[in-house]
Amino acid sequence: MNAIDEKMALEVDLNAPMPQVTKLQHKKKSNELNEDDFSDEEERGNWGGKLDFMLSTIGFAVGLGNVWRFPYLCYDNGGGAFLIPYCMMLFCAGLPLFFLELGFGQFAGLGCISIWKISPIFKGLGWGMVVITAMVCCYYNIVISYTIFFLFASFTSELPWKSCDHEWNTDKCLVVNSSAVYNSSREWPSQEYWDNHVLQRSSGMEEMGKIRWQLALCLLLAWVVVFGCIAKGVKSSGKVVYFTATFPYVVLFILLIRGLTLPGALDGIKFYVSPKFHLLKNPKVWKDAAVQIFYSLGPAWGGLHTLASYNKFRNNCHRDAIIVALTNCGTSVFAGFVIFSIIGFMAHDAGVPVGEVVKSGPGLAFVVYPEAVSRMPGAPFWSIVFFFMLFTLGLDSQFVMMETIITAICDELKNYFKNIYQHKLKITLAFCVVGFLLGLPHVTEGGIYLLTLMDTYSAGFSLLLIALLEIVCVIYIYDYRQFVKNMTYMLGFAPNIYWLITWIVVGPSIIIFIFIFFCLGYEPLTYDGYVYSKGAEALGWLMVLAAIIPIVVFAVYEVWKQEGTLLQRIYKSSRPTEEWGPYHNKHRLQCCYKLLEGRGDPGNIGQSYTPESYQMLSAGV
């Protein structure tokens, strides 16, 4: 038997009949010997309960973008009509890729680097995911530090951005009301508070200035909280999310009730949902819908692999994927009603059209909404509630991104350091310290320009490429028929035709469409009138390359270390390794994968196995 035949012998025959597992048999197998309780998994860690995973995944998917990005996109792209492309993109691309990653990670029980035993030539995708997540972690905690700054500033009898009587205000500052009409030459007090006090914003990236020590302390506090919550891995973060993932919904509901009682609220909501169907002819609307779904659900970041890898093997991730995806999108729509009810009040109170106060991103969270809150009765209380909600929304996503990096590194280093999980606390602390140090440039006077640059480039083109190559790997190289068999054994039923069509054709086509539109619609980056220099944009493209280079390097390395002609090497490096398959030997045996030492008792007779007996059992002796 040659090398290729040996590799092929390790896989389940693609022409073999599909395993027929009834729900009763599946439940019976799930309960045998408390299947997933074995020492190695306990060492790696796993979820303490079913809700830990559900809430962590919801917390990862539902983030700041649901509050500060979706409402603006809905208004800007046809109001209520935007829900048509939004839902289509959810069911055609977002949900299928979401389920694919959850099933992929749960079946293998590994992080986003080690999981590529399925096809080693694609291992660079895992490292690309880690690079992207690491870059985002550096600046995402900066946004959390902004929320902490505003939260502390709200503990006062009068909000500091309510008037123009402070040292940071200029002659352009104007408290807009029915007698003082806003125009483009004037600025809200909240805008000057944000630019001149919180950021002390410089003229551009060429003038980074000194560190804002107040923001640096808020950043330090943010990292301390993150470390405290993930110090014990998913065992600790899985409990924290019981609060951080549910509290925002309580706050959003309270804010909606409060917003609806304010004058002008209905005008804001009408502005938000009024359909403009003629805008659906614009390809940009469909691109925006696809991008929002893609970035909101979070595929290709490595976070979904990581979260699912801590699941019980027979967990119903099919059901989980549907629940989480619908919850995420429902939250976005619900948040829009909350935000626009209050923006409608702000416009009514200031005597200006709603369209003149709508902004996206940080401008909505740290300028428009604070301005609106400052006009409410009991403003400090509502400000505290809002910014604490943003704080908890950001923490959930930060937890998962940090756990993605740490899990991926530990899973990979376990091949060289057997006791790596015993040092996970130290590794977590080291990553948090490095994250804090790398975040300091973002809290300088020119830090907002660097943050905007990283937000634009670090998770853009490279993320789309990784998502596309992941589908190519799992669905085309590994073969969708084999993947369906894996899911059938794990779930107890086969994914239906909807999943197959979206995995094979529709999903990849939409990702290619987004990628092409990004390339054709590329424009120089700007921030509030500042145009980034060529050098700054070059730095942004280096961030893109930082995630793409590992893909190429690892592909070349995996091909190089094989033997034979170039085509033979490519073929060998694209086939699953001996270690690919379920993590536990019991499931490996039942799925016809080779048994591995240190992966638990296969469960035949409950005996201990030597390395020799593993080989004999794998060979059918």
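What you are looking at is a predicted structure, and each value in this text was computed from that prediction instead of being measured.

Cut-offs and rules
Residues numbered from 1 in each chain as written. Predicted model: local features only at pLDDT ≥ 70, side-chain atom pairs only at ≥ 80, totals over all residues. Heavy atoms only, no water. Helix = DSSP H or I, 4+ residues; strand = E, 2+ residues; numbered from the N terminus. Buried < 20%, exposed > 50% of the residue type's maximum accessible area, 1.4 Å probe, protein only. Contact = heavy atoms within 4.5 Å. Areas by Shrake-Rupley, 256 points an atom, 1.4 Å probe, with all protein chains shown as cover. Disulfide = S-S within 2.5 Å. Salt bridge = Lys/Arg side-chain N within 4 Å of Asp/Glu carboxyl O. Phe/Tyr/Trp six-rings, centres within 6.5 Å; stacked < 30°, edge-to-face > 60°. Lys NZ or Arg CZ within 6 Å of the ring centre and 35° of its normal. Polar contact = N/O pair within 3.5 Å; in protein donor to acceptor, adjacent residues only side chain to side chain. Expected span 1.5 Å × (residues − 1). Arc of directions from axis to C-beta. Axes fitted to C-alpha atoms, helices over the stretch in contact; angles between N-to-C directions. Parallel < 35°, antiparallel > 145°, perpendicular 65-115°, else oblique. Left-handed = near helix turned anticlockwise from the far one by under 90°. Nonpolar A, V, L, I, M, F, W, Y, C, P; charged D, E, K, R; others polar. Patch = residues over 30% accessible without salt bridge, like charges linked within 9 Å, V, L, I, M, F, W, Y side chains within 5 Å. pLDDT = per-residue confidence, 0-100.

**Some words on the overall build of the protein chain**
If you tally the helices and strands in the protein chain, you get 27 helices and two strands. Within the protein chain, buried positions represent 59% of all 621 residues. If you take every contact in the protein chain between residues at least 6 apart in sequence, the share linking residues at least 24 apart comes to 80%. In the form shown here, the protein chain has an accessible surface area of approximately 24,700 Å², with 66% of it arising from carbon and sulfur atoms.

**Focus on the state of the cysteines**
According to the stated counting rule, one finds one disulfide in the structure shown. What pairs with Cys164 in a disulfide is Cys173, and their sulfur atoms sit 1.9 Å apart. Across the S-S bond linking Cys164 and Cys173, the dihedral sits near -75°, which makes this disulfide left-handed. For Cys164, a relative accessible area of 24% puts it in the partly exposed group. Using a relative accessible area of 7% as the deciding quantity, one classes Cys173 as buried.

**Observations concerning the pattern of salt bridges**
Applying the stated criterion across every chain, the model contains 17 salt bridges. Where Glu371 meets Arg375, a salt bridge forms, and the shortest distance between an N and an O atom there is 3.1 Å. Residue Glu371 shares its accessibility class with Arg375, and that shared class is buried. Each member of the salt-bridge network shares a partner with another, and the members are Asp76, Lys284, Lys287 and Asp288.

**Looking at the packing of aromatic side chains**
Per the stated rule, a full pass over the model turns up 57 aromatic pairs. Ring geometry for Phe386 against Phe387: centres 5.1 Å apart, planes inclined by 75°, an arrangement best described as edge-to-face. Here the aromatic rings of Trp499 and Trp503 are separated by 6.2 Å at their centres, their planes lie at 35°, and the arrangement is tilted. Of this pair, Trp499 and Trp503 both sit in helix H23 (residues 497–520), separated by four residues, roughly a single helical turn. Taken individually, Trp499 and Trp503 each receive the classification buried, so the pair is uniform in this respect. The structure contains a cluster of three or more aromatic residues connected by ring pairs, namely Trp68, Tyr146, Phe149, Phe150, Trp161, Trp168, Tyr193, Trp194, Phe366, Tyr369, Phe386 and Phe387. Directly above the aromatic system of Phe271 lies the positively charged group of Lys276, at a separation of 5.9 Å from the ring centroid.

**Topic: the side chain of Glu412**
Among the secondary structure elements, Glu412 is positioned in helix H18 (residues 379–413). Given a relative accessible area of 9%, Glu412 falls into the buried group. Looking at Glu412, its side chain comes within polar contact range of the side chain of Lys123, at 2.3 Å. Not counting chain neighbours up to four residues away, the residues in contact with Glu412 comprise Ile113, Ser114, Lys123 and Trp127.

**Digging into helix H10 (residues 213–230)**
In a regular helix each residue adds 1.5 Å, so 18 residues correspond to 26 Å; H10 covers 26 Å between its end C-alpha atoms and thus fits that length. Listing the buried residues of H10 in full gives Leu215, Ala216, Cys218, Leu219, Ala222, Trp223, Val226, Cys229 and Ile230. Relative to the axis of H10, the buried residues are bounded by an arc of 160° and lie together on one face. In H10, those exposed residues whose orientation departs by more than 90 degrees from the buried face are Trp213 and Val224. Taken together, the buried residues of H10 touch helix H8 (123–153), helix H9 (189–198), helix H11 (234–244), H18 and helix H19 (424–439).

**A short note on the packing of H9 against helix H17 (residues 362–374)**
Interaxial distance between H9 and H17 falls to 8 Å at its minimum, and their mutual angle equals 135°. Relative to H17, the element H9 lies oblique. Seen from above, H9 lies across H17 with right-handed handedness. Every residue of H17 that contacts H9 at Pro189, Ser190, Gln191 and Trp194 is listed here: Pro362, Phe366, Val367 and Glu371. Tallied by class, residues from the contact of H9 with H17 come to five nonpolar, two polar and one charged.

**Some remarks on the environment of Gly79**
With respect to the element layout, Gly79 can be found in the loop between helix H6 (70–76) and helix H7 (83–108). For Gly79, a relative accessible area of 0% corresponds to the buried category. Along the backbone, Gly79 and Val273 are 194 residues apart, and their C-alpha atoms lie at a distance of 4.6 Å.

**Digging into a nonpolar patch on the surface**
A cluster of nonpolar residues, Phe152, Phe155, Trp213, Leu217, Leu220, Leu221 and Val224, forms a patch on the protein surface that exposes about 750 Å² of accessible area. Mapped onto the elements, Val224 comes out in helix H10.

**Observations regarding the environment of Asn496**
Of note, Asn496 is situated in the loop between helix H22 (480–491) and H23. For Asn496, a relative accessible area of 42% corresponds to the partly exposed category. Taking the C-alpha atoms as reference points, Asn496 and Val484, twelve residues apart in sequence, are found 9.3 Å from one another. Separated by 3.0 Å, the side chain of Asn496 and the backbone nitrogen of Tyr498 make a polar contact.

**Points about H9**
H9 sits mainly inside the fold: nine of its ten residues count as buried. Burial in H9 covers these residues: Pro189, Ser190, Gln191, Glu192, Tyr193, Trp194, Asp195, His197 and Val198. On its buried side, H9 packs onto H8, H10, H17, helix H20 (447–457) and strand E1 (526–527). Directly after H9, the chain includes Gln200, whose backbone phi takes a positive value near 50°.

**So, the side chain of Thr147**
As for its placement among the helices and strands, Thr147 is situated in helix H8. Classification of Thr147 by relative accessible area gives buried; the value is 1%. When sequence neighbours within four positions are dropped, the list of residues in contact with Thr147 reads Phe366, Phe387, Leu390 and Phe391.

**Examining unusual backbone geometry**
In this structure, Asp479 takes a positive phi of about 95° despite not being glycine. With a phi angle near 70°, Cys592 is a residue other than glycine that sits in the positive phi range. Structurally, Cys592 is set in the loop between helix H26 (585–590) and helix H27 (611–618). You can call Cys592 exposed: its relative accessible area is 54%.

**A few points about the environment of Trp503**
The exposure class of Trp503 is buried, given its relative accessible area of 3%. In the structure, Trp503 is positioned 403 residues away from Leu100 in sequence and 8.2 Å away in space, judged by C-alpha atoms. There is a polar contact of 2.9 Å between the side chain of Trp503 and the backbone oxygen of Pro96.

**Describing the confidence of the model for the protein chain**
Across the protein chain, pLDDT averages 86, with 88% of residues at or above 70. In the predicted structure, residues 27–40 sits below a pLDDT of 50 and forms 25 contacts with residues beyond four places in sequence or in another chain. For the stretch residues 605–614, pLDDT sits under 50, and the model shows 16 contacts to residues farther than four places along the chain or on other chains.

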